[in-house]
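Descriptive analysis of the structure
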Number of protein chains: 2
Amino acid sequence: MNPTAVVLLSGGLDSATVAAQAIADGNTVIALSFNYGQSHARELLAAKQIAAHLGIQDHFIMDVNLAKWGGSALTDTAVAMPLNGVQSNVIPVTYVPGRNTVFIAIALSLAEAKNAVAIYLGINAVDYSGYPDCRPDYLEAYQQLARLSSKAGLEGNAPTLVAPLVNDSKADIVRRAVQLGVPIAQTWSCYQGDTVPCGLCDSCRIRDRALIEAGFADLATLIGKQLYSACFEP
Amino acid sequence: MNPTAVVLLSGGLDSATVAAQAIADGNTVIALSFNYGQSHARELLAAKQIAAHLGIQDHFIMDVNLAKWGGSALTDTAVAMPLNGVQSNVIPVTYVPGRNTVFIAIALSLAEAKNAVAIYLGINAVDYSGYPDCRPDYLEAYQQLARLSSKAGLEGNAPTLVAPLVNDSKADIVRRAVQLGVPIAQTWSCYQGDTVPCGLCDSCRIRDRALIEAGFADLATLIGKQLYSACFEP
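What counts and what doesn't
- Residues numbered from 1 in each chain as written.
- Chains lettered and ligands numbered in written order.
- Predicted model: local features only at pLDDT ≥ 70, side-chain atom pairs only at ≥ 80, totals over all residues.
- Heavy atoms only, no water.
- Helix = DSSP H or I, 4+ residues; strand = E, 2+ residues; numbered from the N terminus.
- Rg over C-alpha atoms; globule rule 2.2 N^0.38 Å.
- Contact = heavy atoms within 4.5 Å.
- Pairing = 2+ DSSP bridges.
- Axes fitted to C-alpha atoms, helices over the stretch in contact; angles between N-to-C directions.
- Buried < 20%, exposed > 50% of the residue type's maximum accessible area, 1.4 Å probe, protein only.
- Right-handed = clockwise from strand over helix to strand, strands pointing away.
- UniProt positions renumbered as here; feature names shortened; annotations may be inferred.
- Buried area = accessible area lost by both parts, 1.4 Å probe.
- Polar contact = N/O pair within 3.5 Å; in protein donor to acceptor, adjacent residues only side chain to side chain.
- Nonpolar A, V, L, I, M, F, W, Y, C, P; charged D, E, K, R; others polar.
- Least-squares fit on C-alpha atoms with pLDDT ≥ 70 in both.
- Phe/Tyr/Trp six-rings, centres within 6.5 Å; stacked < 30°, edge-to-face > 60°.
- Lys NZ or Arg CZ within 6 Å of the ring centre and 35° of its normal.
- Left-handed = near helix turned anticlockwise from the far one by under 90°.
- Salt bridge = Lys/Arg side-chain N within 4 Å of Asp/Glu carboxyl O.

Here's the deal with the overall build of chain A
Counting its secondary structure elements, chain A contains eight helices and five strands. Going residue by residue from the N terminus, the α and β elements of chain A occur as β-α-β-α-β-α-β-α-α-β-α-α-α. Over its C-alpha atoms chain A spans a radius of gyration of 17 Å, differing by no more than 12% from the 17 Å that the globule rule assigns to 234 residues. Based on the C-alpha atoms only, the size of chain A along its principal axes is roughly 55 × 40 × 30 Å. Of the contacts formed within chain A by residues at least 6 apart in sequence, a portion of 69% connects residues at least 24 apart.

Topic: the sheet that holds strand β4 (residues 118-120) of chain B
Residue and element names in this part refer to chain B. Pairing is parallel in the open sheet, where five strands are placed in the order β3-β2-β1-β4-β5. At either margin of the open sheet sits one strand with a lone partner, and together these are β3 (58-63) and β5 (160-162). Geometrically, the sheet is characterised by an average inter-axis angle of 25 degrees between neighbouring strands, direction not taken into account. Examined bridge by bridge, strand β1 (residues 4-8) and strand β2 (residues 28-35) share five bridges and lie parallel to one another.

A word on the pairing of β1 of chain B
The buried fraction of β1 of chain B amounts to five of the five residues, a majority that puts the element mostly inside the structure. Tracing the backbone out of β1 of chain B, into helix α1 (residues 13-24) of chain B and back to the parallel element β2 of chain B gives a crossover that is right-handed.

Topic: the UniProt feature "binding site: Zn(2+)" (unreviewed entry) in chain A
Residues and elements named next belong to chain A. Under the UniProt annotation, the feature "binding site: Zn(2+)" (unreviewed entry) is placed at C190, C198, C201 and C204. If you trace the backbone, C190 turns up in the loop between α6 (170-179) and α7 (202-213). Its relative accessible area of 1% is what places C190 among the buried residues. Note that C204 resides in helix α7.

Here we look at the UniProt feature "binding site: ATP" (unreviewed entry) in chain A
All names here are of chain A. UniProt records the feature "binding site: ATP" (unreviewed entry) for L9, S10, G11, G12, L13, D14, S15, A16, T17, V18 and A19 in the present numbering. Here L13 shows up in helix α1 (residues 13-24). Sequence-distant contacts of L13, defined by excluding residues within four places in its chain, comprise K170, I173, V174, A177, I184, T187, S189 and R207. Counting through the fold element by element, D14 comes out in helix α1. Contacts of D14, omitting those with residues within four sequence positions, involve G122, N124, L165, K170 and I173.

Some points on the interface of chain B and chain A
Between chain B and chain A, the residue contacts involve 39 residues of the former and 39 residues of the latter. Summing the contributions of chain B and of chain A, the shared interface buries around 3,300 Å²; its carbon and sulfur component is 73%. When the buried area of chain B at its contact with chain A is split by residue, W69, L145 and L148 of chain B rank highest and sum to 21% of it. Counting across the chain B and chain A interface gives 14 residue pairs in polar contact (both at pLDDT 80 or more). For the side of chain B that touches chain A, the secondary-structure elements that each account for two or more residues are β3, α3 (99-113), α4 (136-148) and α5 (151-154) of chain B. Of the residues forming the side of chain B that touches chain A, the biggest block, nine residues, is contributed by α3 of chain B. Here the residues of the side of chain B that touches chain A are counted per class, giving 23 nonpolar, eight polar and eight charged.

Digging into the relation of the copies chain B and chain A
The transformation that overlays chain B on chain A combines an axial shift of 0.0 Å with a rotation of 180 degrees, and the residual RMSD is 0.0 Å. Considering both components of the superposition, the chain copies are consistent with a two-fold axis. Considering only C-alpha atoms, the residue of chain B closest to the rotation axis is V64 of chain B, which sits at 2.7 Å. The share of interface residues of chain B whose copies in chain A are also at the interface is 100%, consistent with both copies meeting through the same surface.

Quick notes on the packing of aromatic side chains
All names here are of chain A. Summed over the entire model, instances satisfying the criterion amount to nine aromatic pairs over all chains. Residues Y36 and F103 carry aromatic rings whose centres are separated by 5.3 Å and whose planes lie at 65 degrees to one another, so their mutual orientation is edge-to-face. Here the residue Y36 occupies a position in the loop between β2 (28-35) and α2 (43-53), and F103 occupies one in helix α3 (residues 99-113), the gap between them amounting to 67 residues. F103 gets classed as buried once you look at its relative accessible area, which sits at 10%. Site record: aromatic cluster; members linked through ring pairs are F34, Y36 and F103. Geometry around W188 places R42 over its ring, the cationic atom sitting 4.1 Å from the centre.

A short note on the packing of α3 of chain B against α4 of chain B
Residues and elements named next belong to chain B. Contact geometry for α3 and α4: axes closest at 12 Å, N-to-C directions at 30 degrees. In this structure, α3 meets α4 at a crossing whose hand is right-handed. Residues N100, T101, I104, A105 and L108 of α3 touch α4, and the partners they reach there are Y138, L139, Y142 and A146. Of the residues in the contact of α3 with α4, the class split is seven nonpolar, two polar and no charged.

Brief notes about the pattern of salt bridges
Scanning all chains against the criterion turns up eight salt bridges over all chains. For D137 of chain A, the salt bridge goes to R135 of chain A, with nearest N and O atoms at 3.0 Å. For D137 of chain A, a relative accessible area of 33% puts it in the partly exposed group. The class of R135 of chain A is buried, set by a relative accessible area of 18%. A salt bridge links R175 of chain B to D172 of chain B, with the nearest nitrogen and oxygen atoms 3.1 Å apart. Of this pair, R175 of chain B and D172 of chain B both sit in helix α6 (residues 170-179), three residues apart, which is roughly one turn of that helix. The partly exposed category is assigned to D172 of chain B, whose relative accessible area is 32%.

Examining the environment of L211 of chain B
Residues and elements named next belong to chain B. Structurally, L211 can be placed in helix α7 (residues 202-213). It is 18 Å that separates the C-alpha atoms of L211 and N167, two residues lying 44 residues apart in sequence. Ignoring any residue separated from it by four or fewer positions in sequence, one finds L211 in contact with V174, I184, F216, A217, L219 and A220.

Laid out in structure tokens, this is it:
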């Protein structure tokens, strides 16, 4: 019998890629998504489509309303969404306080209840270098907590936190997604929850640039293609 | 201005006591309770009453339905509630996978959004020695994670996890509750969600024994008083 792995599946490109990676690694995957009050709850539709595409049987969508206290452009309409370009070396206002800590905690609960041996995360330290909860030392601290927090952990069998993309560039992730057969067009990255991606938010810009760099310009937003050729000129 | 502290307030005796302690320590308290699919959601009524009694202005009640995957007598009606006496040196079936890890994670999110300097926890390692997520080394690992998981943490200002009861006996907690003016009769410990405490579940038994030992037998359940005199004979 295949081991069981929980995959945090937001519906974006990175998490879809790790879901496909978890399957390629020989796991039976349980997908876990969150309705956390995000501006782009539209991504949950993508998560469902990707889970179905990848043949994932078990998919939990959990409500945990972090918009109750906001503190981010993704969870508080009073905070303006940045649309003028990605700033580097700052924690952007799209950072959601404690989000990954909450998501991984809930994944640990699910993993323990289902005897999963691994939790796959789409965390990436390169393009989101400003996010404190996307870095390797954060993951190591969480792994240590996992060892101490459960019955299985006390027996030496804590689930392993697997972050295969943590040091990849976004263009690397696109290439890996293509290799693994991820339905890239079905993934949703835009921070704004409209019916088509805005092409202007940080997430659209980072995704579009990577798609173009990796040779998949046809999948970038029209606006993204224009911005890329204006700003980066490949 | 007083510093802000988040208090995890279940509505039980221990968390009510730490809420009163946090106030006595000079903090402005934000209370945080969870509707997690527990058998005894009745405790949330107690949490509201206690918050009102203590003059706590901000009280968040968060839905996070851990009963979606169960794995505990508190979150899965298919798991029988133990009613025949407290077993020692085992992790009881009332242990909820990942519960404290989830609760503290959400408290970290709230603390970060509200610039709280501390998170007060009613965790106790003595009477619940079987629970992996009630022990000091677990808390130390979580404190390390808190240092790495947030903007404030990266600046050396992570909220402090405060667990004033972690090494107290339950009778010690009763005495402290009385000193702090906690409305003990309003707190709710019973794992079964009826209108009166059952006196038979582990939580009732541990509470009743402590109340009787600390000299407050009048607050124990009628059944608890009978069980105590039959089993412990003070």
